[in-house]
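Structure at a glance
The primary structure of each chain is shown beneath.
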Amino acid sequence: MRIMNGAALAKKIRSVLSIEIDFCKNKYGRSPKLSVILVGNDPASMTYVKNKGKACREVGIEDDLHFLPFSTSQDELLELIHQLNEAPDVDGILVQLPLPKHIDKNVIISAIDYKKDVDGLHPMNVGLLNTSEDCIIPCTPKGILSLLKSENVTIAGKHAVIIGRSNLVGKPMAQLMLRENASVTVCHTKTRDLSYLTRQGEILIVAIGCPNLINADMLKPGAVVVDVGINSVDGKMVGDIYNSIDVPSIEQKASAITPVPGGVGPMTIASLLENTFEIYRRRIQ
Ligand code: NAD
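Keep in mind the model is a prediction, meaning the values are calculated, not measured.

Taken in spatial order, the three strands make up an open sheet running β3-β2-β4, and their pairing is parallel. Of all the strands in the sheet, just β3 (62-68) and β4 (92-95) have a single pairing partner and so form its edges. On average, each strand axis in the sheet is tilted by 15 degrees relative to the strand beside it, whichever way the strands run. Pairing between strand β2 (residues 33-39) and β4: four bridges, direction parallel. Bridge pairing in β4 links Val36 to Leu94. With respect to the sheet, helix α2 (residues 43-59) is in contact with β2, β3 and β4, its orientation differing from that of β3 by roughly 160 degrees.

This part covers the state of the cysteines. Two cysteines, two sulfur atoms, one covalent bond between them: this is a disulfide. In the structure shown here, the tally under the stated rule is zero disulfides. Cysteine Cys24 is unpaired, with the sulfur of Cys56 as its nearest cysteine sulfur at 15 Å. Judged by its relative accessible area of 6%, Cys24 is buried. Looking at Cys210, it has no disulfide partner, and the nearest cysteine sulfur is the one in Cys187, 14 Å off.

Parameters and conventions
- Within every chain, residues take consecutive numbers counted from 1 along the sequence as written.
- Per-residue local features of the predicted model are confined to residues with pLDDT of at least 70, and side-chain atom pairs are confined, for both listing and counting, to 80 or more; whole-chain, interface and lining totals are unaffected and use all residues.
- Excluding hydrogens and water, the side-chain values take into account all heavy atoms of the structure.
- Any two strands with at least two DSSP bridges between them are considered paired.
- The secondary structure listing takes helices from DSSP runs of H or I that are at least 4 residues long and strands from runs of E that are at least 2 residues long, numbered from the N terminus.
- Axis definition: a line fit to C-alpha positions, over the contact stretch in the case of helices; interaxial angles, taken between N-to-C directions, run 0 to 180 degrees.
- By the convention used here, residues are in contact when the closest approach between their heavy atoms is within 4.5 Å.
- Counting rule for disulfides: a pair of cysteine sulfur atoms within 2.5 Å.
- Burial classes: relative accessible area under 20% of the type maximum marks a residue as buried, over 50% as exposed, and values in between as partly exposed (1.4 Å probe, protein chains only).

Here is the structure:
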């Protein structure tokens, strides 16, 4: 079974980006800039935001981190987003999710200028993706597609089965696979016979956030498996499949899998950097 090394591809993407960003900085006189907003001090979100800032700095993207207290009101957050929308030197805006319950996530996402929406979650970007038009593609599905392509996985004509239908991963992933001419099945908590459907998947993409739900019996022999999940078990990061109790049998059944860590995670960050740079280029040229 082949391990699809997202960390290695992400490193290559970052090194190409560093060169391009350096060139553009000399030509246009400023670096790309990503503003990231975190409301509250959830430890996992704090780590994600700091990692995003560090990844930006490493390739020459200016990071502009806004740590707001949990008590921040929706109006205060909207005011900050408005300022960042108007700021000429801010290219990308990202609001770290989840938000506190007193803030309506949909109102906030819709308030971001869709041309600066690096996460591709604004309704305008969602609609453009659904109609196969030029748009900002959500980072995780974009990273998965890049990894599959770099691993020479044939997508056209294949049956892709996706477990999970979130706006962040499952739904945009389904759209991207359709755009690549796969036949697509999307499964979720109401799916009646999950095993029957997963056994049809020549490409199986699992984004549930629940370890050990999928076992080797549920795979089609030779399936390419993408493990998106991030779970903590006994303080160790594990995927939805990778590192599960059934790994030896999964290894015999699948033809390729993404590891956790080192698979989809680094590709998500690399795609965030790519999205920021693409927005910067569109704005500056
Ligand atoms: P989510 O909670 O929004 O969605 C989970 C989806 O899984 C839902 O659509 C739900 O219907 C489905 N689901 C849950 N239990 C199921 C079951 N028993 N049977 C069938 N379907 C089931 O989560 P999300 O934001 O889509 O993220 C999913 C996982 O991917 C999480 O572990 C998250 O941490 C991880 N993630 C990883 C990255 C990365 O960069 N590696 C990025 C985003 C999300």
